[in-house]
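# Chains, contacts and geometry: an overview
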Amino acid sequence: MSDLKLFLTKKGYTFFKLKKSVSNHFVLKAKVNGIYGNFIVDTGASNSCVGLQEIDLFKLSLQNSDKKAAGAGSTNINTQLSHNNKLSIKQFNINNLSLIIIDLSHINTALEEHKSEPINGIIGADILKKYKAIIDYQYKALYLKS
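In this text the structure is predicted, and so the values were computed from the model without any measurement. (Residues numbered from 1 in each chain as written. Predicted model: local features only at pLDDT ≥ 70, side-chain atom pairs only at ≥ 80, totals over all residues. Heavy atoms only, no water.)

## Focus: the nonpolar core
Formed by 25 residues in total, the largest nonpolar core has its most connected members in L28, F39, L60, L87 and L144. Those elements that place two or more of their residues in this core are strand 3 (26-32), strand 4 (35-41), strand 7 (74-89), strand 8 (92-102), helix 3 (125-130) and strand 11 (141-145). In terms of residues, this core owes the most to one element, strand 8, which gives 5 residues. V27, I100, I102 and I119 belong to the second-largest nonpolar core, a separate cluster that totals 12 residues. (Core = buried A, V, L, I, M, F, W, Y, C linked by side-chain atoms within 4.5 Å. Buried < 20%, exposed > 50% of the residue type's maximum accessible area, 1.4 Å probe, protein only. Helix = DSSP H or I, 4+ residues; strand = E, 2+ residues; numbered from the N terminus.)

What follows is the structure, given as structure tokens:
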């Protein structure tokens, strides 16, 4: 066990191994409402989100939103909201989570061009900040504190 991992786990952090995709993104498997999906860990995304195409997969209830999103080369993206969701990364559970629902097809098209697996969503700064995330780029690890 690395010194950092030992130090952080003693401080109450939970360790998660990240996978580096061909497109140079960090990806992890997580469950939304009990269903597994692939999620990019994105410190530049203000909110965690799930793709519009995943509404049925993750059993999301929707609420309309007037807010527009921007990112990854797209602007003025329509959004919807989904409240009261559960996100699980291994044994780490986040209850009563609100997610932004956006069309991620442009991101998945770019990932496919790089021969990377498609994603179902993004773990954004809302979660990373709240759970005091530490990303160890050298050892491809994410630490969250509950």
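## Observations concerning the pairing of strand 4
With 5 of 7 residues buried, strand 4 lies mostly within the body of the structure. The sheet contact formed by strand 3 and strand 4 spans 6 bridges and is antiparallel. Considered in strand 4, the bridge of L28 is made with F39. Connecting the antiparallel pair strand 3 and strand 4 is a turn made up of 2 residues, with N33 showing a positive phi of about 50°. Summarising the sheet, strand 4 and strand 9 (residues 121-123) pair through 3 bridges and their orientation is parallel. Bridge pairing links I40 to I122 in strand 9. (Pairing = 2+ DSSP bridges.)

## A short note on the environment of I127
By secondary structure assignment, the location of I127 is in helix 3. For the pair formed by I127 and L97, sequence separation is 30 residues and the distance between their alpha carbons is 9.2 Å.

## Digging into the packing of aromatic side chains
Pairs of aromatic rings are described using the distance from one ring centre to the other and the angle between the two planes. As enumerated under the stated definition, the model contains 5 aromatic pairs in all. Between the aromatic rings of F39 and F58, the centroid separation amounts to 6.1 Å while the plane-to-plane angle is 35°, which identifies the pairing as tilted. Placement of F39 in strand 4 and of F58 in the loop between strand 5 (49-51) and strand 6 (63-71) is noted, with a sequence separation of 19 residues between them. The pair F39 / F58 is uniform in exposure class, with both members buried. Each member of the aromatic cluster is reached from another via a ring pair, and the members are F16, F92 and Y131. Directly above the aromatic system of F15 lies the positively charged group of K5, at a separation of 3.8 Å from the ring centroid. (Phe/Tyr/Trp six-rings, centres within 6.5 Å; stacked < 30°, edge-to-face > 60°. Lys NZ or Arg CZ within 6 Å of the ring centre and 35° of its normal.)

## Structural notes on the side chain of S21
Considering the arrangement of structural elements, one finds S21 in the loop between strand 2 (19-20) and strand 3. Dropping the residues within four chain positions of it, S21 is found in contact with V27 and S116. (Contact = heavy atoms within 4.5 Å.)

## So, unusual backbone geometry
Unusually for a residue other than glycine, K90 sits at a positive phi of about 50°. Here K90 lies in the loop between strand 7 and strand 8. Even without glycine at this site, K132 takes up a positive phi of about 50°. Secondary-structure assignment places K132 in the loop between helix 3 and strand 10 (134-136).

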